[in-house]
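Reading the structure
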Amino acid sequence: MTHIAAKGEEDLVLKSARLLLGFFRMAVIFASVILVLSLPAMAIFGQDILTNVGEKLVNPPPSSVIWISAGFVMVLLLIMLLCYFTIDRLRKMLASVREGDPFNRTNGLRLRGMGIAIFVIQILSGVLGALIGVIISLLGEAKDGEPITVAGEFGLSLSGILLVLLLIILARIFDRGADMRDELEGTI
Amino acid sequence: MAISIKLDDLLHDNRMTLTELAERVDITIANLSILKTGKAKAIRFSTLEAICKELQCQPGDLLTFEDAKDNETP
């Protein structure tokens, strides 16, 4: 039988989730700071970076690569902000579970917000994929003949779409739960 | 609300206070006050049974239905 933590109590799952979310939050903040700092750095050292990269390529890359890369960083920054928004909502939901009052309308709103944020992340991920494609095509061929590849997958994913659906449906369930709780509270 | 509670009248008829009734039916005064003021959304059969038993009345004596249309002036 599963043990459900009483009000104010924290079982292993809740504690682990809280620590993990705290770590993710810090990681997202750190990554966002790096991305923000990289934007002026790209403006200042962009031409030097382009010259260095150009030495390894058959044709020197156009300067527009820097601006497209800056756009890439900005989209990535936007994704980081949405990740922070999602993690923050999840932390607040976790706190409401710890307080023993998870079935409320605020949590329904939080879930809906998280669903929308992840949907936007999915779309922005597609934009990142397109920007990478443009950057690779602008860089052209490398002198050693090896094709230029980028680690990581960008674009819409089935799991991401399922997560969005799950969150939207869960939001509805929480709304209904809040209705039922209100009814129960008004029953004498 | 179309359903109104006649708890005040029944308490008066039985010469009983809300506190006394609360003690007898084992319900908090706060909850009985919610019922008395018509703010309750629902009432359990067990609560209704206990109140009717203590006040020696029928559910119909406690609850009355007033159609909102009847009260409207033409």
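Rules and cut-offs
Residues numbered from 1 in each chain as written. Chains lettered and ligands numbered in written order. Predicted model: local features only at pLDDT ≥ 70, side-chain atom pairs only at ≥ 80, totals over all residues. Contact = placed C-beta atoms within 7 Å. Nonpolar A, V, L, I, M, F, W, Y, C, P; charged D, E, K, R; others polar. Helix = DSSP H or I, 4+ residues; strand = E, 2+ residues; numbered from the N terminus. Buried ≥ 20, exposed ≤ 12 C-beta atoms within 10 Å, placed from the backbone. Axes fitted to C-alpha atoms, helices over the stretch in contact; angles between N-to-C directions. Parallel < 35°, antiparallel > 145°, perpendicular 65-115°, else oblique. Left-handed = near helix turned anticlockwise from the far one by under 90°.

Side note on the interface of chain A and chain B
Residue-level contacts link four residues of chain A with 10 residues of chain B. Of the residues in the side of chain A that touches chain B, the class split is one nonpolar, two polar and one charged.

Examining unusual backbone geometry
Residue and element names in this part refer to chain B. We note that Asp26 has phi near 60 degrees; this positive angle belongs to a residue other than glycine. Inspection of the secondary structure assignment puts Asp26 in the loop between α2 (18-25) and α3 (29-36). Although it is not a glycine, Gln56 adopts a positive phi angle of roughly 50 degrees. Considering the arrangement of structural elements, one finds Gln56 in the loop between α4 (45-55) and α5 (59-62). Residue classification places Gln56 among the exposed positions, given that 10 C-beta atoms sit within 10 Å.

Focus: the packing of helix α1 (residues 12-54) of chain A against helix α2 (residues 64-98) of chain A
For any two helices packed against each other, one specifies the crossing angle of their axes together with the interaxial distance. Residue and element names in this part refer to chain A. The N-to-C vectors of α1 and α2 enclose an angle of 165 degrees; their axes lie 9 Å apart at closest approach. As far as their axial angle goes, α2 and α1 are roughly antiparallel. As α1 runs across α2, the sense of the crossing is left-handed. In terms of residue class, the contact of α1 with α2 is made up of 25 nonpolar, four polar and four charged.

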